[in-house]
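# Understanding the architecture of this molecule
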Amino acid sequence: MKNGKAFPIPVRVKYACEKCPAWCCTYDEIEVTRRDVERLARHFGLDFETAEVRFTKMKQGTVHLLRHRKDKVFDSACMFLDQDKRRCTVYEARPGVCRKYPDSTRCGYYDFLTFEREQQGDEEMVAVT
Ligand code: SF4
Ligand code: SF4
């Protein structure tokens, strides 16, 4: 506590994105805000309307969801996922929800993944159901 300031306490997370095929990026309804679309538009040098149409689809006429495309591992994934490297291709401009997730020391997807891998005795396996 030098200078009267508390040392930051390191947080140990119980998931490892580098061992996961970006499962969270395959979630069907990745909701984005107007600000997220603006950031993506800036990133690609597009106007808002073009980015909105190109990168999002509407749910119930009001909510913007990131568009998906067919995926090599799961049924589909966010259009911005690099399907070979399993990494985000717009990391600097990714939406707020992607920045926050999983917002905890645990990731539900990763817990399931590790459970299945332990059951199968295969550190690489990916349950796709
Ligand atoms: S599902 Fe969890 S472990 Fe996998 S990439 Fe997303 S946050 Fe990381
Ligand atoms: S924008 Fe990037 S981090 Fe967010 S879902 Fe798509 S690929 Fe994943």
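Read on for an overview of the structure. (Residues numbered from 1 in each chain as written. Chains lettered and ligands numbered in written order. Predicted model: local features only at pLDDT ≥ 70, side-chain atom pairs only at ≥ 80, totals over all residues. Heavy atoms only, no water.)

### Observations regarding the layout of surface pockets
Note the cut-off: Two kinds of site are reported from a 1 Å grid over the protein atoms alone, namely cavities, where a 1.4 Å probe fits but cannot get out, and pockets, open sets with protein on both sides within 12 Å along at least five of seven lines, and residues are called lining when an atom falls within 4 Å of a point. Grid points are joined across faces, edges and corners, and a volume is the space filled by probe spheres set on the points. Counting from the N terminus, the helices are DSSP H or I runs at least four residues long and the strands are E runs at least two residues long. Nonpolar residues are Ala, Val, Leu, Ile, Met, Phe, Trp, Tyr, Cys and Pro. Charged residues are Asp, Glu, Lys and Arg, and all others, Gly as well, are polar.
Put simply, the largest pocket is a space of about 770 Å³. What lines the largest pocket is a set of 31 residues, and nearest its centre among them are Cys17, Cys24, Cys25, Cys98 and Tyr101. Of all the secondary structure elements, the ones that give two or more residues to the lining of the largest pocket are β7 (87–88), α3 (96–100) and α4 (108–120). For the lining of the largest pocket, the element with the highest residue contribution is α3, accounting for 3 residues. The class makeup of the residues in the lining of the largest pocket is 25 nonpolar, no polar and 6 charged.

### Quick look at the pairing of strand β2 (residues 56–59)
Quick reminder of the rule: Being paired, for any two strands, means DSSP has found at least two bridges between them.
Pairing analysis gives 4 bridges linking β2 to strand β3 (residues 63–66), with the strands arranged antiparallel. For Lys59, the partnering residue across the bridge sits in β3 and is Val63.

### Comments concerning the nonpolar core
This is how the line gets drawn: Side-chain atoms within 4.5 Å link the members of a nonpolar core, which is a set of buried Ala, Val, Leu, Ile, Met, Phe, Trp, Tyr and Cys residues. When a residue's accessible area, from a 1.4 Å probe over protein chains only, is under 20% of the maximum for its type it is buried; when over 50% it is exposed; and in between it is partly exposed. Throughout, a contact is declared for two residues whenever any of their heavy atoms are within 4.5 Å.
Counting 13 residues, the largest nonpolar core has Val37, Leu40, Ala51, Phe55, Leu66, Cys78 and Phe80 as its most contacted members. Put simply, the parts of the chain that give this core at least two residues each are α1 (34–44) and α2 (48–55). With residues up to four places along the chain from it excluded, the contact list for Phe80 reads Leu40, Phe44, Phe55, Leu66, Arg87, Cys88, Thr89 and Val90. Counting 7 residues, the second-largest nonpolar core is a separate cluster that includes Ala16, Phe74, Cys107 and Leu113.

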